Amino acid sequence: MRRQIKFASALKLTTALVALSAAPFAANAAECFDEDTSNPKAGAATAVVGPDVGLKQGGGDYERPAAGDDVFSEDYARTGADSHLQLKLCDWSTYTLSPESEAQISEFYDDEGARRRRLVNYVRGGFRYASGRDTESGSTDVEIQESGVTMGVRGTNVILVELDGVVYALLEGPALDNNGLTPQGRVEFWTGDNRRAIEAKLMRPGWAVRIGPDGVSEPFRADPELLRRIYQAFLPGVPDETPDNPEYESDPEDDSGQGGQNGQWGIEVANNYGQQNNDNTENFPEQPFQAGEPPEEPETPPFPVNVGDVLPLDALEYYAENFAPASGHIFALAPAQLFVDDGSGATLVDEGVVLIQINIDSASHTIAPEALASFVKFDFSILDPGNLGTDDNDFFLGGTVPAAYVQALLASANIAFPSGQNGLAMFPTQAFAVTIRQGAGNTVTVDVAVDFTALDPQHGSVNALAEALNLQLMPGAGELAYFDFGLSDVFTIDDLTAHQTSGTVKISGFTPNVAQTTGQIGPVTGLAYAQLEVNFNNKTVGGPGSFMVMTAAASAATGNQQANAFISLDQPVAFGSGLFNMALYPLSGLTNSGALVAGQALVVEGSDVPVYADIAAILTADTGAHLYAEVLAGDEFFGANYAPSTIAELDSLGAMLGTGAFYFDGGGASVNSAFLSNPVDGDSFGNMYGQIDINFGDRTIGGGESFISADLFNFNTSSTFQFTEYLSETSFNSALGGQGVFAFDGGDFDGNNIQSLIFIIRNDLAGNAAQSADAFMNFTDGAGGKGVGELREMVFSPGSACTVSCF
C-alpha cells in the first residue's frame, strides 16, 4: 500500500497566521499508530480556513472537515479559492495546502503498524512541509504529477507551488551549524524510480528549482520577486464580512493525537522568526569571535554581496583583510552515506557520520594550510548518528579505500584563495569541496561537501557522501589532527566513568608511520612513540609520565636534517571534558607545550589491558618541520620503568659517581622482539639485541661498544636475516624535552639497515634514576622489506663497557 502526505505550512506574518497560532485546544483526539485498523490514522486537521476545503477517502465525495478531525492514509485533500488547510501528522510534521491546491496522502501507515517513509502525491496548487520531531531524515518523497519528477526531502522545510504553469520548489531550511549533529536541510530530485541518479539538490535556504515536463532545472537563488509570488500564493483572503467562516476549534500544536509538542517553536516551526532587514538578509547565529561584543556600525564593503551568495574572490580577499580574524576554522559533525557499485548500480550500504574540521587562514589567504589539521573523517562504524557509542558492524571496508582517503587528505592542503573556481570562493580538493558564502553583516559562512570515490577489491566502486552547510567560522586553528580510529569503539564518558577498574592504567605504543604536514607534504621515514596515564581513581586522562615523541630521518623532505619533536602530556583532564560526550580529548588540554599543532587522544575498550588509547598529533620539530603520527597505546606498564629520567637526574648521577662507563644491556630484556614484512618473501619474526653505553661524566649516550642487532627467521622460505650496527656518540644536550629521551636516525649508525631509533632512559618505581631503558626502531632489509623492533626493560649495569661477546 502506498501512502501519501501533503506538505503543510504556516502563513507568513499575516492575520491568518495569528489566528492559526492562537487556536484553542481540542481534547480526546484519536490515537495515532493504530495497528488494529486497516486504514490507520495519519494525523489531524489543525486549521480549516475559507469556504472551500475538502477531504475524501478513496472514491468517495469530498467533505468539509472541521478542525480537529482525523486524517487517514489514502485521504485526498483540496482547497478552493481563498481557502487553505493545515494538517499535523503523527510524526509531528505539519502541512499546509495553499488556495486552489490538491494532494493525497497515498502512504503513511499501513495495517502492519507504523512505517517511517512518507509518500506524497502533488496534484496541483501548492503546499508547504515542515519536518516534525519524529520525522526521519530522507523519509519523505513527493511525486509531482505530469513531470515524472520525484522530490526527496531530508528533514527540512520546503515549499512546492505552481506559478504560471511551472512548479517551483523552494528550500526554507534548516541548515547545519557548529553545535554538532543537527538536522540537515536538503531536497533531492530524480526522475522515475531511479533515486540514485540525483538530477538536482537544494542545500541552502532561499534556493529553488523549476520542475516541468522536461524535468528539473539547476538550483538557483530565488530573487525577491519570485519569493514574493511564492509566499503570496499562501495568503488566502479571509472575508471580513463573514467572521465565522474560518474554523479554529482546535489547537494546531496539540491536535495530532499525541498531545502538545515540546519546545518553544511548536506548530510555528515553518515560520521565519528571524525578522528580516531586507529581502536578502538571513539571520545566522552570532559568530563566536563576536559573541558578547557590542555591535558596531558595519562597514560597507566595496563588493556588495547578498547573504547566502558565494563570495567572489576579490570580495573574499577584502573580507580576509578587513573583517575575518587572522585565522579560523569550522568544526562540525554531520550525517554521511556510503554507496557501493559492483557494476549493477549504486546501492546504499551504510549510513554514519563525518567529522569535519577545515582551517581557513586569512593571514596567508589559504584553505587547509596544514595537511591533516584540516580533514573530513568518515565513520560508518556507528549504528545511530545521534548516539556515537552505538556499534554498527554491518559493512566493512578493506584497507585500500582508507589508505586512498588518507592520501587524498594529504594532497588536499595549502589551497590558495586565488585558486577558486570561476572567480568564486569555491575550492574543490581531492578530499573535500569548500564554499565560502556571504553571512550576515561582515561574517562568512562555509559549506563543506564530500563526494569521495575509490576502488575496493571486494565491492568495486565505493562512494562516500556528506554535506555540512552554513558552518560558522570559529577563531584560531582547529584542535584535532586526523585519526583513523572508529568513533563507535570509543568510550562514552558514562562508560569510561563506570569502568570497573581502579588505580592508574599506564599504556604505551609506537609506530613507524610518520608524515610531514607542511612543505614537502607526505610520508617520511621515521618513528613515533607515545605513553599515557588513565587514572580511574581521579577520573582523569594524562598526567606525570605521559608524553609523545617523534623522529624523522634526514632526507630531502626534511631538508636533509633529522627532525625530532617531543611534548609532555602531563596536564590531566577530567573524563567528563571529552567532545561529543565521548572519551575524545584534544591534546591542547593535556599539554602546555608550544610544539603541539593539533591532536587528540581517544580512550577505548582494551583486551589485553583495561583500556587502549589512540593518540594522534601534529608536532613542531626542532627543525621547524611539522610531523604527524597516530599511535595505538596498548602495552601496559606496571608502575616501574615508566617515567623517563630527567637530564637533571642524569647529571646528578654523574656528580655522585664521577666519570666512567655505564651501559644498558639488552640481553636480559623481557621484550626484545622484531618483525619484518617483505613483499616478496613474506614475514619474518625474531629478536633484537643491543647495548647503549652511557657516560655520566662526559654526558654522552652511545659510542664505545654501543650496538643494535637483529636475528629474524622466515618460516615460509626457511631463510634468516641478521644485522649488527654500531651507534655513534651523542651529547646529553641532544635529549628531547629535558628528559632522558633520545632520537637517532640512520646517519648515527655504521650500517644501512636501521633508519630510526627512539631510546628512553627510565626511573624505577621508587624514583631511582637511570635504572632501565627501552628502545624502539625501524629498519629495512635492503630488498624492499620493512621492519620494526623493540628492546624493553634493558638492564642498567654500572662498570666498564661490555663488548658484543658479553651476549
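Residues numbered from 1 in each chain as written. Predicted model: local features only at pLDDT ≥ 70, side-chain atom pairs only at ≥ 80, totals over all residues. Heavy atoms only, no water.

*Asks:* How would you explain helix H3 (residues 313-322) if you had to name every residue and give the values?
*Replies:* If you check which residues of H3 are buried, you get Leu 313, Ala 315, Leu 316, Tyr 318, Tyr 319 and Ala 320. At its buried positions, H3 is contacted by strand E26 (426-428), strand E27 (433-438) and strand E28 (444-456). (Buried < 20%, exposed > 50% of the residue type's maximum accessible area, 1.4 Å probe, protein only. Helix = DSSP H or I, 4+ residues; strand = E, 2+ residues; numbered from the N terminus. Contact = heavy atoms within 4.5 Å.)

*Asks:* Run through the nonpolar core, naming residues and quoting values.
*Replies:* Grouped together as the largest cluster of nonpolar side chains are 120 residues, with contacts concentrated most on Ile 367, Phe 432, Ile 436 and Val 448. Once residues within four sequence positions are removed from consideration, Ile 436 is found in contact with Asp 309, Val 310, Leu 311, Leu 316, Ile 360, Ile 367, Ala 425, Phe 427, Val 444, Thr 445 and Val 446. (Core = buried A, V, L, I, M, F, W, Y, C linked by side-chain atoms within 4.5 Å.)

*Asks:* I'd like a rundown of unusual backbone geometry, residues and numbers included.
*Replies:* Positive phi values are uncommon outside glycine, yet Glu 100 reaches one of about 55 degrees. Position of Glu 100 relative to the elements: it lies in the loop between strand E6 (94-97) and strand E7 (101-110). Looking at Glu 100, the relative accessible area reads 42%, which means it is partly exposed.

*Asks:* I'd like a rundown of the environment of Phe 744, residues and numbers included.
*Replies:* With respect to the secondary-structure elements, Phe 744 resides in strand E49 (residues 741-745). Of the residues examined, Phe 744 reaches a relative accessible area of 3% and is grouped as buried. Residues Phe 744 and Ile 758 lie 14 residues apart in sequence; the distance between their C-alpha atoms is 6.4 Å. Residues contacting Phe 744, with those up to four places away along its chain left out, are Thr 551, Gln 562, Ile 701, Leu 727, Thr 730, Phe 749, Gln 755, Ser 756, Leu 757 and Phe 759.

*Asks:* Give a detailed account of the confidence of the model for the chain, specifying residues and quantitative values.
*Replies:* Summary statistics for the chain give a mean pLDDT of 78 and a share of 76% for residues scoring 70 or more. Per-residue pLDDT stays below 50 along residues 237-292; that stretch engages in 139 contacts with residues further than four places along the chain or on separate chains. (pLDDT = per-residue confidence, 0-100.)

*Asks:* Give a description of the side chain of Thr 511 that names residues and reports values.
*Replies:* Residue placement: Thr 511 occurs in strand E31 (residues 504-516). Overall, the relative accessible area of 8% leaves Thr 511 in the buried class. One polar contact links the side chain of Thr 511 to the main-chain amide nitrogen of Asn 513, over a distance of 3.1 Å. Every residue in contact with Thr 511, bar those within four places of it in the chain, is listed here: Leu 527, Ala 528, Ala 629, Glu 630 and Val 631. (Polar contact = N/O pair within 3.5 Å; in protein donor to acceptor, adjacent residues only side chain to side chain.)

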